[in-house]
Structure formats: C-alpha cells, structure tokens
Amino acid sequence: MAPMLKSTFAAMIGVALALALSGCQQKKEAENPGRILRYGNQIEPQDLDPHIITGIPEYHIVSGLLEGLVNPDPVDLHPLPGMAEAWDISADRCTYTFHLRPAALWSSGDTVTAADFVFSIRRILSPRLGAEYAYMLYCVKNGRRFNKGELTDFSQVGVRAPDARTLVITLTQPTPYFLALLSHHSWFPVHPKTILKFGPLDARGTAWTRPENFVGNGPFTLAKWELNKIIEIRKNPRYWDAAAVRLQAVRFYPIENMQTEERAFRTGQLDLTTNVPLEKIDWYKQHDPQLLKIDPYLGTYYYLFNVNKPPLNDKRVRRALALAVDRESLVKYVLKGGQAPAICFTPPNTAGYTSAATIGFDTLEARRLLAEAGYNAQHPLPAISLLYNTLQTHHEVAQALQQMWRTYLGVSVTLVNQEWKVYLASTQERSYDIARMGWIGDYNDPNTFLDMWITGGGNNRTGWSNRAYDSLIAAAAAASSQQERYRCFSRAETILLDEMPVLPIYFYTNGYLMQPQVKGWYPNILNLHPYKFMWIEKK
C-alpha cells in the first residue's frame, strides 16, 4: 500500500477509536472508582506470548500477566523477590539456587513449581520455536548449544528442579547482570498444561493467549482482547501478593495516531500516553508542564542496513549515508524532546561504559566515499527505500534523513511505511533496503546493545557477520574483570561503527503525558513500571 494511503488509513482507525472511547466515556467514568489505569499503548500487539514477543507495547501488557523469578524495583530497578522468595549464589557466582514461594499460584489455581520454570526455559530454547530472544538465556550452561541444535539432550542444559520449590540454574561463566536478566519477558514462565493443551511445546501462534484460555501467574489476568480496540487486564485474586495490588484493572488502547492519543488524553479518556506529538511538546512546556514527562531512557534510535543487498553491501556506501546525517539539527529542530545525537551505538555511560569510536557529520568524507565506491553525478547511487512502521515520529525522522541524503549526496530515497505486524515481518525476513529500528536496553549493561550483532543473533536483522566482532563479544562474556570486559566491548563497537551495518541516529528520551492522579510511577532508564506498585488517586 502506498505510504500516503497507509497513513490515512491509520489516522481513520485512530479517529474511529477516539470516537468509540468518547462514546463510552460516561460509562467508564461512572465505573472507575479510581482503580483503573487507562493507557495509550500505541499499536495492536504482535502477540502476548512472552517467548515470542519482541516489542515494548507487548511487554507493557505481558508484564502485568506474568511474573518471573524476580521483579524490578519501581524506583531504581534493583531485583526484588518475585516468584522466588529468596536465592543463594555459589562462591564462583556460576550457580544460582532459587527458592520459590509456597503461596505462588497460577490464575487457574495450580501451584507454580520449579518444574514450570524448567519447562518454560526448555520452550524458549527449543530450536523449532524460533524465539528471537532465546539468546537472553545463552548465559545458561549449554543454553546456546541446545538452541542451535548442537545438543539435543536438554538434561545437559544448566537448569534443574530438585524439588517443587527449588530451581537451580548453572551459568557458563559469571554473569554480572544475571539477576537483572530475570525481569525480562524471555525468562517469564508459562503454564505447561495450557501450552500443551493447544499444541506441542514449541508451537507458535496457538490459541493459548486468548482471554478465555490464558493462564498466568502475575498480578493481573487477561480479561478482554478486542482487536484494534482494547486489551484489558484485571486484578488476579490468586496472585501471591494480591493484597498489595491497588489497581483493579489496566486498559490498553492501541492508538497509533499520536494526535488522536493526545486528544484522548486531553479530554480525560486516557491517564497515560506512550508518546507526545512533536508539535505539542513546546505547548505543554509552556501551558501544562506538570502533564508533560521527559525522562532519561537507555535506548538508541537507529536504521538497519540490509548488507546483502546492493548497493548497501558496500560498507563505503553505508558509511557515506551515516556521515551525511546531521544529528544535531535533527534533535534540535525536529524532535525537540531532549534527545541526544547518537555518535556511537551504545548510549554513553551505560553502566560506566562509553564507546571510544564515534561517527560524526562529515559531508565531504561522505561524498568521497561514494565516489570511491563508484557513484557520482554521472553514475548516481541506485534508488533505495527506507522502511518504517506507522508513527508520526518515524515519518518525521525519515523525511528529514531523506532530505539530508538528497541535499548532501544527491541520493534518492523512497519512504515506505507499514503497519506494525507487517513491518516486523518485513524486517525479520530482511525484505527492505534500510529500515527504522529502536533498541531499549533490556538491562543496564553495554552487553545488551552489543551482543545483538553477533552472527545469527536473534535481533540481528541486517545479515551482517564479522568473526572478529563475534570473538570480542565472546571474550567480553568470559572476561574476569569489568575493565577487560569494557575493553573488549570498545574494540567490538569500533568494528561495528567501521562496518556500519546499523546507522545510529539519536539516543532516546522517554516523552509522554501523564495525569497527576497516576501514582507509583517513577522515571527510570529502562522505563519499567510494575503495575502492582501503581494506583490512581481520586480527584
């Protein structure tokens, strides 16, 4: 579908949704005693299977339905007991023994057992499931080998359940951020009986995630899923800490159009948004600053290059395009939300690490590289396309870079936008030339930004492979000191920025709107906000 038609269609859907919200407003206001959070969640989710999803909007929902061994503290993100009430760590820091809560139940009433976690770890590592986030469990002994099909005996993977309440996980080597990993959805348990009721352990896209079938262990249960309209999760009375949960429900509205979302917020139909329209940021700063939130965010906005597709298979072309991006002007005049120009891939000072290598704005060098690659006014670079998912910010950034490349390099770029699920499929299948992407750290460590780009990595959608890079990431994992780890990461990032399979554009801030009655929401660099700690204060 042509970009203009797709944008128009998205806007029509957004308007229709806003009208539906408006029509139900009086009913919702009447039934809302201050315990229902109404959340603009941007898009219709790809799935609600924790071992399949890859997007943040999906995590917003799944994090309320399922709980891992630990929970992130809402203020500073340090690990709090979750399904595990306590844990022991061996002297060599390679073996973790988790003690599960006796009161932990699934929403069906079944007890949550250590065997459920073993089942879940086996599921996400199963090669046939094709989980993109399986690599989050590669720190487990033999986890990678099992996932790659090099090992078929799961009993050799470093996870076992000596009894119903004890889970033992053995790592390949000490992993300093291991407990933080456990808050990620890839580590969430699934209910074995429900999974197997709708297919084999490694089946994707079965009906187990429908509201009538979903069995979870989190503070909320899946009550409603009306496609492109609403997802509602409601308080789970069987949750082990139900007495501490103050919200009765959370309602997620998939409003792609940022103007429609802002209008719904302004008219009192939403308590919280995911975005702020770029043209509204200055207005809120001047007139309603208490509603506008711009928080630090550990993330990078970047473009993928399909390195197997000419002319982008030539690193000189990729570097030329990267050097012709005026990031300073982009964040100052287009984005206006406090973002910083991304002159490397890993955000500076990530757990104390900053890349030594950088990429700047140098149009002379960009033109020289293009000429060296054989392109000039008489022999221009072939037309290329830029893919992004439907959202105003992505469109504005794409237009800005399209203009920069035309002005500084004489390069013609066609913009293509797609609906979220189609866009995800296109990037996964590498059916693109250049594609928009964003990465928010899964934990506060440079590894979460750099281990993505190893050969065959689940989130490496560029086709890029470099043995030296792979070796350095492996060396960082085995390093005995932080200094040695960071030295390996710095050398790896130097290779990444030289080869340029990805084009860093800016470092995120998290800009959104929030009503003052929303409480228990604290800004943090990973934008993790457990609903069990939140409440709505009555006006």
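Here the structure is a predicted model, which is why all the values come from computation and not from measurement.

1. Some details on the overall build of the protein
Consideration 1: Along the backbone of the protein there are 17 helices and 18 strands.
Consideration 2: Judged by the C-alpha coordinates and their principal axes, the protein covers about 70 × 60 × 40 Å.
Consideration 3: Looking at the protein as a whole, 58% of its 539 residues are labelled buried.
Consideration 4: Long-range contacts, defined here as pairs at least 24 residues apart, represent 71% of the contacts in the protein between residues at least 6 apart.
Consideration 5: Just so you have it, the protein exposes about 21300 Å², and 52% of that area is on carbon and sulfur atoms.
Consideration 6: Where the 55 positive side-chain charges of the protein centre and where its 50 negative ones centre are 2 Å apart.

2. Remarks on the environment of Lys309
Consideration 1: On the secondary structure map, Lys309 appears in the loop between β11 (292-305) and α10 (315-323).
Consideration 2: Other than its neighbours up to four places away in sequence, Lys309 contacts Tyr432 and Asp433.

3. Some details on helix α14 (residues 420-428)
Residues separated by three or four positions in an α-helix point in the same direction, a consequence of the helix having 3.6 residues per turn.
Consideration 1: Residues Trp420, Tyr423, Leu424, Ser426 and Thr427 constitute the buried set of α14. Along the axis of α14, the buried residues cluster in a sector spanning 160°; they form a single face.
Consideration 2: Those residues of α14 that are buried lie in contact with α3 (56-65), β13 (384-389), β14 (413-418) and β15 (434-440).
Consideration 3: The N-cap residue of α14 is Glu419: its side-chain oxygen and the backbone nitrogen of Lys421 are 3.2 Å apart.
Consideration 4: Backbone geometry just downstream of α14 places Arg430 in the positive-phi region, at approximately 55°.

4. Remarks on the sheet that holds strand β4 (residues 84-89)
Strand-to-strand pairing in sheets goes through backbone hydrogen bonds, with the strands running parallel or antiparallel.
Consideration 1: Across the sheet, 4 strands lie side by side as β4-β5-β7-β6; this open sheet has antiparallel pairing. With partners counted over all chains shown, the strands left at the sheet margins are β4 and β6 (159-163), one partner each. If you compare each strand with its neighbour and ignore which way they point, the axes differ by 20° on average.

5. Re the side chain of Thr194
Consideration 1: With respect to the element layout, Thr194 can be found in helix α7 (residues 192-197).
Consideration 2: The exposure class of Thr194 is buried, given its relative accessible area of 7%.
Consideration 3: Thr194 has contacts with Trp208, Asn213 and Val215, leaving out every residue within four places of it along the chain.

6. Thoughts on the packing of aromatic side chains
Geometry of an aromatic ring pair is reported as the spacing of the ring centres plus the angle between the planes.
Consideration 1: Across all of its chains, the model carries 31 aromatic pairs by this definition.
Consideration 2: Their ring planes at 35° and their centres at 6.0 Å tell us that Tyr133 and Trp439 sit as a pair that is tilted. Remark: Trp439 occurs in strand β15 and Tyr133 occurs in the loop between α4 (114-125) and α5 (143-147); sequence separation between them is 306 residues. Across this residue pair, the class does not change: Tyr133 and Trp439 are buried.
Consideration 3: A ring pair is formed by Tyr301 and Tyr506, whose centres lie 4.5 Å apart and whose planes are at 15°; its orientation type is stacked. You can see Tyr301 sitting in strand β11 and its partner Tyr506 sitting in strand β16 (residues 502-513), a full 205 residues away along the chain. Taken as a pair, Tyr301 and Tyr506 share a single burial class, namely buried.

7. Examining the nonpolar core
Consideration 1: Counting residues in hydrophobic clusters, the biggest one holds 168 residues, and the most contacted among them are Phe98, Ile169, Trp187, Tyr303 and Trp405.
Consideration 2: The element that contributes the greatest number of residues to this core is β11, accounting for 8 residues.
Consideration 3: In terms of nonpolar packing, the next biggest core, distinct from the first, is built from 5 residues, Ala342, Cys344, Leu497 and Phe507 among them.

8. Comments concerning the packing of helix α16 (residues 467-478) against helix α17 (residues 482-499)
Consideration 1: The contact between α16 and α17 brings their axes to 8 Å, and the two run at 160°. Between α16 and α17, the angle is such that the two are roughly antiparallel. Of the two possible hands of crossing, α16 and α17 adopt the one that is left-handed. Residues Ala468, Tyr469, Leu472, Ile473, Ala475 and Ala476 of α16 pack against Arg485, Cys488, Phe489, Arg491, Ala492, Glu493, Ile495 and Leu496 of α17.

9. Some points on the pattern of salt bridges
Side-chain pairs of opposite charge can arise whenever the charged atoms involved come near each other.
Consideration 1: Counted according to the given criterion, the structure contains 21 salt bridges.
Consideration 2: Residue Arg251 is joined to Glu232 by a salt bridge in which the shortest nitrogen-to-oxygen separation is 2.9 Å. One end of the pair, Arg251, is in strand β10 (residues 249-253); the other, Glu232, is in strand β9 (residues 230-235), with 19 residues separating them in the sequence.
Consideration 3: For Arg251, a relative accessible area of 5% gives the class buried.
Consideration 4: Look at Glu232 and you get buried, because its relative accessible area is 5%.
Consideration 5: For Glu372, the salt bridge is made with Arg368, and the minimal N-O distance between the two is 2.8 Å.

10. Quick look at the pairing of β15
Consideration 1: With 6 of 7 residues buried, β15 lies mostly within the body of the structure.
Consideration 2: The pairing of β11 with β15 spans 7 bridges and is classified as antiparallel. Following the sheet pairing, Phe305 is matched in β15 by Ile434.
Consideration 3: Relative to β15, β13 is paired through 2 bridges, and the arrangement is parallel. The residue bridging Leu387 from the neighbouring strand is Ala435, located in β15.

About the criteria used
- Residues numbered from 1 in each chain as written.
- Predicted model: local features only at pLDDT ≥ 70, side-chain atom pairs only at ≥ 80, totals over all residues.
- Heavy atoms only, no water.
- Helix = DSSP H or I, 4+ residues; strand = E, 2+ residues; numbered from the N terminus.
- Buried < 20%, exposed > 50% of the residue type's maximum accessible area, 1.4 Å probe, protein only.
- Contact = heavy atoms within 4.5 Å.
- Areas by Shrake-Rupley, 256 points an atom, 1.4 Å probe, with all protein chains shown as cover.
- Lys, Arg positive; Asp, Glu negative; His and termini not counted.
- Charge placed at Lys NZ, Arg CZ, Asp CG, Glu CD.
- Arc of directions from axis to C-beta.
- Polar contact = N/O pair within 3.5 Å; in protein donor to acceptor, adjacent residues only side chain to side chain.
- Pairing = 2+ DSSP bridges.
- Axes fitted to C-alpha atoms, helices over the stretch in contact; angles between N-to-C directions.
- Phe/Tyr/Trp six-rings, centres within 6.5 Å; stacked < 30°, edge-to-face > 60°.
- Core = buried A, V, L, I, M, F, W, Y, C linked by side-chain atoms within 4.5 Å.
- Parallel < 35°, antiparallel > 145°, perpendicular 65-115°, else oblique.
- Left-handed = near helix turned anticlockwise from the far one by under 90°.
- Salt bridge = Lys/Arg side-chain N within 4 Å of Asp/Glu carboxyl O.

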